[in-house]
Amino acid sequence: VVFATKGHFRDLPAKSFAIDLNDNYKPSFEIMPAKKAMVAEMQKLFEKADAVYLATDPDREGEAIAWHIATILNLDSKAQVRTSFNEISKKAVLNSIENPKTLNLNLVKAQIGRRVLDRIVGYKLSPLLSRKIQGNLSAGRVQSVTLKLIVDREKAINSFVPVEYWNISAILKKGEMSFKSDLT
């Protein structure tokens with residue numbers, strides 16, 4: 001049985017901060033309301049299954065989705081249930097099932113770190129943007145930093161004062177010896 005998660009189904013709650021700043025930025029995930037029926041269906045299938053293989057995308061988002069599935073199903077984090085393939089062919093799929101791995105927790109942590117940063121930046125900056133500039137604006141970790149770089153560069157351009165300068169170089173020679181000298 002192949003069961004498609006159709007992307008993430010656990011996330012930080014939409015209506016609360018959900019990050020414990022006093023406990024190493026620990027996030028509190030919950031099943032997304034629109035995905036609760038899907039999770040119940042997945043759990044029923046799991047109860048009947050002889051084995052489970054998590055074959056989400058082979059990137060940090062896919063690894064995090066696989067980790068969330070493993071968490072919900074109470075799979076052992078050291079169990080070799082992770083499969084991945086870069087092509088949908090019989091050979092690739094069978095090879096991945098014959099060679100399962102454990103979850104790559106470093107990729108999971110990278111995705112969780114990105115999600116936590118999105119929440120921290122978004123929850124702190126978005127309300128400020130909405131009040132100061134225009135309602136319903138949001139800020140994320142990427143566009144906020146990019147905007148700061150653009151603003152800083154524009155300020156540097158506007159405050160630039162041209163100063164005339166010259167580079168003077170000379171080749172000095174005495175007899176057979178010569179060397180280049182620069183005056184700065």
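The rules behind the values
- Residues numbered from 1 in each chain as written.
- Predicted model: local features only at pLDDT ≥ 70, side-chain atom pairs only at ≥ 80, totals over all residues.
- Heavy atoms only, no water.
- Salt bridge = Lys/Arg side-chain N within 4 Å of Asp/Glu carboxyl O.
- Helix = DSSP H or I, 4+ residues; strand = E, 2+ residues; numbered from the N terminus.
- Expected span 1.5 Å × (residues − 1).
- Buried < 20%, exposed > 50% of the residue type's maximum accessible area, 1.4 Å probe, protein only.
- Arc of directions from axis to C-beta.
- Contact = heavy atoms within 4.5 Å.
- Patch = residues over 30% accessible without salt bridge, like charges linked within 9 Å, V, L, I, M, F, W, Y side chains within 5 Å.
- Areas by Shrake-Rupley, 256 points an atom, 1.4 Å probe, with all protein chains shown as cover.

### Section: the pattern of salt bridges
When their charged atoms lie close together, side chains carrying opposite charge are able to pair.
1) Next: Counted by the stated rule, this structure contains six salt bridges.
2) Next: The salt bridge involving Arg114 is made with Asp118; its shortest N-O contact spans 2.5 Å. Here the residue Arg114 and the residue Asp118 both occupy positions in helix 4 (residues 105-132), the gap between them amounting to four residues, near one helical turn.
3) Next: Notably, a salt bridge pairs Asp152 with Lys148, separated by 2.7 Å at the nearest N-O pair. Of the two residues, Asp152 and Lys148 both sit in helix 5 (residues 141-158), four residues apart, roughly one turn of that helix.
4) Next: The structure contains a network of salt bridges with shared partners spanning Arg60, Glu61, Arg114 and Asp118.

### Observations concerning helix 1 (residues 36-48)
1) Next: Across its 13 residues, helix 1 extends 19 Å between first and last C-alpha, which sits within 8% of the 18 Å expected from 1.5 Å per residue.
2) Next: Where helix 1 is concerned, the buried positions are Met38, Val39 and Met42. Projected down its long axis, helix 1 shows its buried positions confined to an angular sector of 95°, all on one face. Exposed side of helix 1, more than 90 degrees from the buried face: Lys36, Ala37, Lys44, Glu47 and Lys48 are the residues found there.
3) Next: Buried residues in helix 1 make contact with strand 4 (30-31) and helix 2 (60-72).

### Some words on a nonpolar patch on the surface
1) Next: A cluster of nonpolar side chains, Trp166, Ile168 and Leu183, forms an exposed patch at the surface whose accessible area comes to about 390 Å².
2) Next: Along the chain, Ile168 turns up in strand 5 (residues 168-174).
3) Next: What makes Ile168 partly exposed here is its relative accessible area of 48%.

### What about helix 2?
1) Next: With 13 residues, helix 2 extends 18 Å from end C-alpha to end C-alpha; this agrees with the ideal 18 Å at 1.5 Å per step.
2) Next: Residues Gly62, Glu63, Ala64, Ile65, Ala66, His68, Ile69, Ala70 and Ile72 constitute the buried set of helix 2.
3) Next: Close packing links the buried residues of helix 2 with strand 1 (10-11), strand 4, helix 1 and helix 4.
4) Next: A positive phi of about 55° marks Asn74, the residue just after helix 2.

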